[in-house]
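Examination of the molecular architecture
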Amino acid sequence: QVQLVESGGGLVQAGGSLRLSCAASEDMVRIQTMAWYRQAPGKQRELVASISRLGNTNYADSVKGRFTISRDNAASTVYLQMNSVKPEDTAVYYCNLRKIFSSRDYWGQGTQVTVSS
């Protein structure tokens, strides 16, 4: 099965930046979408950003203009560049993957992002 390895989480001050990475054990040609979700304490997991096989991107309203999702096809890696972070961005961030012609979800273990005020 597909494995996803996340990295880049940590502690950052409000207004700062950090970049999350997610490497997939799957060729990008077989990937329909990759995405970043996050889950804060007491809240449901929510979509942060996604990128399709064709490069189309989608963002949650709360992160538009601050976060950017991108990918390296050769490395089967997706990134989340987080700029102007806010304390409200504090959450565990999870990488998500869907294969072409499939609705099955694959998930990473999650990486903690903590934004201090």
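The text that follows walks through the structure, step by step, so that each part is easy to find. (Residues numbered from 1 in each chain as written. Predicted model: local features only at pLDDT ≥ 70, side-chain atom pairs only at ≥ 80, totals over all residues. Heavy atoms only, no water.)

1. Points about the pairing of strand 11 (residues 111–116)
Of the two faces of strand 11, the one holding T111, V113 and V115 is buried and the one holding Q112, T114 and S116 is not buried anywhere. Judged from the 4 bridges that link them, strand 2 (residues 10–13) and strand 11 form a sheet pairing that is parallel. Counterpart to L11 in the pairing with strand 11 is T114. Bridge analysis of strand 9 (residues 91–99) against strand 11 gives 3 bridges, and the strand direction is antiparallel. (Buried < 20%, exposed > 50% of the residue type's maximum accessible area, 1.4 Å probe, protein only. Helix = DSSP H or I, 4+ residues; strand = E, 2+ residues; numbered from the N terminus. Pairing = 2+ DSSP bridges.)

2. With respect to the sheet that holds strand 1 (residues 4–7)
Spatial strand order, 1-3-8-7: 4 strands in an open sheet with antiparallel pairing. Strands with a single pairing partner mark the edges of an open sheet, and in this sheet they are strand 1 and strand 7 (67–72). Neighbouring strand axes in the sheet, compared pairwise and without regard to direction, differ in orientation by 15° on average. Taken together, the 6 bridges between strand 7 and strand 8 (residues 77–82) define a ladder with antiparallel strand orientation. Paired with S70 across the strands is Y79, a residue of strand 8. (Axes fitted to C-alpha atoms, helices over the stretch in contact; angles between N-to-C directions.)

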